[in-house]
Amino acid sequence: MLRWGLRVVSCGFSAPGSAACAGPWRRQRSVLTMAEDLIAAVASQTKRLNSGEVVQRLEENGHQNKRLKSDADEEDAEDQNKKLPKRKIVLLMAYSGKGYHGMQRNVGSSQFKTIEDDLVSALVQSGCIPENHGEDMKKMSFQRCARTDKGVSAAGQIVSLKVRLIDDILEKINNHLPSHIRILGLKRVTGGFNSKNKCDARTYSYMLPTFAFAHKDHDVQEELYRLDRETLERVNKLLACYKGTHNFHNFTSQKGPRDPSAKRYIMEMYCGEPFVRENVEFAVIQVKGQSFMMHQIRKMIGLVIAIVKGYAAESIMERSWGEEKVDVPKAPGLGLVLEKVHFEKYNRRFGNDGLHEPLEWTEEEEKIAAFKEQYIYPTIINTEREEKSMANWLNTLPIHDFNSSAVEMQTNNKDSKKSSDLEGSDGCGDDSD
């Protein structure tokens, strides 16, 4: 062993090419080369890993910076919105009322969903109003022009309120509304404008299947019935009788014959040309008046249907405007639509003052018509076909006594009130807010 160790030591001082240590040197050099290659490979891998980690960290930082910038931009936009002054405006609304318990919001009650619930939520989410204004609508001076009731739709509802005039305001509000509720227009108005008080008149339409006018003695098939010219002319003659000022205490509830507010002024009322949808013929009745009471329009139409079908004499119309209590049938709520509201006095005073626009919506007429075709008319037609509300109501006309005395009517009203309370309020009630 001693001799071997001396040889190894002595080999360390020998020349690399000497025969004494040629074999051990080659082995040592090979080991050293492998070690160097291994160190180089580890260093290269470490470098790649470090480089990938750096890139990953840069990317993560970039995404984080983008998120922070996006959040900051949103906060800046929100802060900028808060600094915008509030302005009084009107919004032109269209909506399908099916599934809603009317237009007017019942703050604090989530049991019955209304159109205004969805509208206020969209106003808050879009940044037009602060959240506390949504909770207390008086803070934004909110006022609807007409209070449509359960199931009633609108193509030209107007609401007035104070909002922040943010960029792309209509688009942003509509982005937070369901497709069956749309804001179709916006206009600036005077600071003291109130959409209900400044409204001169309201126009409603009532869409109904024409078989409603078929005489009771004729056995007709609903899908095959077509309204003839003579019957249409008689319908329009009766509807025209409503024009002017009359006492409509028999056409609503809780108003006596001597109540001044029961007198209403009707400007026009007529039935248009019939048309066919889904193999059923329909017609649309238009009525324009200063204002309407609860269920007034439905009862006006219901009485005309009763006369045309032969259940009541034409003389009942004159009787219904007198002090006598008359049994007036109430047509179904389906089909009633708020078409348009009128601001003629306001337009004459402020429409051409150079500061404000007249409240006319000529440019929006195409959008209004398209909305009715897409959402309102199909809802009325499909619901009528599925639920047969008009056909079922027509079957109740024989139970009405159109010659009842006042005493008999009081007894009948007590019985019928129980069923009407269950039905709910689904007519129009412009001035009963």
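The text that follows walks through the structure, step by step, so that each part is easy to find. Once a new chain begins, its residue numbering starts again from 1 and follows that chain's sequence as written. Predicted model: local features are reported for residues with pLDDT of at least 70 only, side-chain atom pairs are reported and counted for 80 or more only, and whole-chain, interface and lining totals are derived from all residues. As a convention, hydrogens and water are excluded, and side-chain values are obtained from all of the structure's heavy atoms.

1. Brief notes about the overall build of the chain
To keep it simple, the criterion reads: To qualify as a helix, a DSSP run of H or I must reach at least 4 residues; to qualify as a strand, a run of E must reach at least 2; elements of each kind are numbered from the N terminus. Three exposure classes are used, based on accessible area relative to the maximum for each residue type with a 1.4 Å probe and protein chains only: buried under 20%, partly exposed in between, and exposed over 50%. By the convention used here, residues are in contact when the closest approach between their heavy atoms is within 4.5 Å. Only the protein chains shown count as cover for residues, and the accessible areas themselves come from Shrake-Rupley with a 1.4 Å probe.
Secondary structure assignment for the chain yields 12 helices and 10 strands. For the chain, buried positions account for 43% of its 433 residues. For the chain, contacts bridging at least 24 residues in sequence account for 77% of all contacts bridging at least 6. About 23800 Å² of surface is accessible on the chain, with carbon and sulfur atoms providing 50% of the total.

2. Focus: the pattern of salt bridges
Rules: By salt bridge we mean one thing: a side-chain nitrogen of Lys or Arg within 4 Å of a carboxyl oxygen of Asp or Glu.
Scanning the entire structure with this criterion turns up 16 salt bridges. Notably, a salt bridge pairs Glu-116 with Arg-144, separated by 2.4 Å at the nearest N-O pair. Taken as a pair, Glu-116 in helix H3 (residues 115-125) and Arg-144 in strand E2 (residues 143-144) lie far apart in primary sequence, 28 residues in all. Of the two residues, Glu-116 and Arg-144, neither departs from the other in class, the shared state being buried. Note that Glu-222 is salt-bridged to Lys-388, the shortest N-O span being 3.8 Å. One end of the pair, Glu-222, is in the loop between strand E5 (201-209) and helix H6 (229-240); the other, Lys-388, is in the loop between helix H10 (365-387) and helix H11 (389-394), with 166 residues separating them in the sequence. Residue Lys-388 is classed as partly exposed on the basis of its relative accessible area of 38%.

3. Describing the packing of aromatic side chains
The cut-off we apply is this: Any two of the Phe, Tyr and Trp rings considered here, Trp counted by its six-membered ring, make a pair once their centres fall within 6.5 Å; the pair's planes then place it as stacked at under 30 degrees, edge-to-face at over 60, or tilted in between.
Within the structure shown, the criterion is met by nine aromatic pairs. Centre to centre, the rings of Tyr-204 and Phe-292 are 5.7 Å apart; their planes meet at 90 degrees, and the pair counts as edge-to-face. With a gap of 88 residues between them, Tyr-204 in strand E5 and Phe-292 in the loop between strand E9 (280-289) and helix H7 (296-308) connect regions that are remote in the sequence. Taken individually, Tyr-204 and Phe-292 each receive the classification buried, so the pair is uniform in this respect. Their ring planes at 85 degrees and their centres at 6.1 Å tell us that Tyr-242 and Phe-251 sit as a pair that is edge-to-face. For Phe-251, a relative accessible area of 0% translates into the label buried.

4. Concerning H6
This is how it is decided: Under the convention used throughout, the expected extent of a helix is 1.5 Å for every residue step, that is, one less than its residue count. The directions considered for the arc run from the helix axis to the C-beta atoms.
Helix length check: H6, at 12 residues, gives a terminal C-alpha distance of 16 Å against a target of 16 Å (1.5 Å per residue), a fit within 8%. Within the span of H6, buried status applies to Thr-231, Leu-232, Val-235, Leu-238 and Leu-239. The arc enclosing the buried residues of H6, seen along the axis, measures out at 125 degrees, which places them on a common side. The exposed residues of H6 that point more than 90 degrees off its buried face are Glu-230 and Lys-237. Along its buried surface, H6 packs onto strand E7 (263-271), E9, H7 and helix H8 (316-320).

5. Focus on H7
With 13 residues, H7 should cover 18 Å at 1.5 Å per step; its first-to-last C-alpha distance of 19 Å lies within 8% of that length. Where burial is concerned, most of H7 is hidden: 13 out of the 13 residues are buried. Phi for Gly-310, located one or two positions after H7, is positive at around 95 degrees.

6. Remarks on the nonpolar core
What counts here: Side-chain atoms within 4.5 Å link the members of a nonpolar core, which is a set of buried Ala, Val, Leu, Ile, Met, Phe, Trp, Tyr and Cys residues.
Within the largest apolar cluster, 103 residues are counted, with the highest numbers of intra-cluster contacts made by Met-93, Leu-161, Tyr-242, Ile-285, Ile-305, Phe-343 and Met-390. For this core, the element with the highest residue contribution is H7, accounting for nine residues. Apart from residues no more than four positions distant in its own chain, Met-390 is found in contact with Tyr-206, Leu-208, Pro-209, Phe-211, Ala-212, Ile-305, Pro-332 and Glu-384.

7. A short note on the packing of H6 against H7
To keep it simple, the criterion reads: A fitted line through C-alpha atoms represents every axis, and for helices the fit uses only the stretch in contact; the resulting angles, taken between N-to-C directions, go from 0 to 180 degrees. If an angle is under 35 degrees, it is roughly parallel; if it is over 145, roughly antiparallel; if it lies from 65 to 115, roughly perpendicular; otherwise it is oblique. In this scheme the handedness of a crossing depends on how the near helix is turned from the far one: anticlockwise by less than a right angle means left-handed, clockwise means right-handed.
Here H6 crosses H7 at 135 degrees, and the two axes come no closer than 10 Å. Comparing the axis directions of H6 and H7 gives the class oblique. As H6 runs across H7, the sense of the crossing is right-handed. Where H6 approaches H7, its residues Thr-231, Arg-234, Val-235, Leu-238 and Leu-239 are matched on the opposing element by Val-304, Ile-307 and Val-308.

Function cannot be inferred from these measures alone, as they are strictly geometric.
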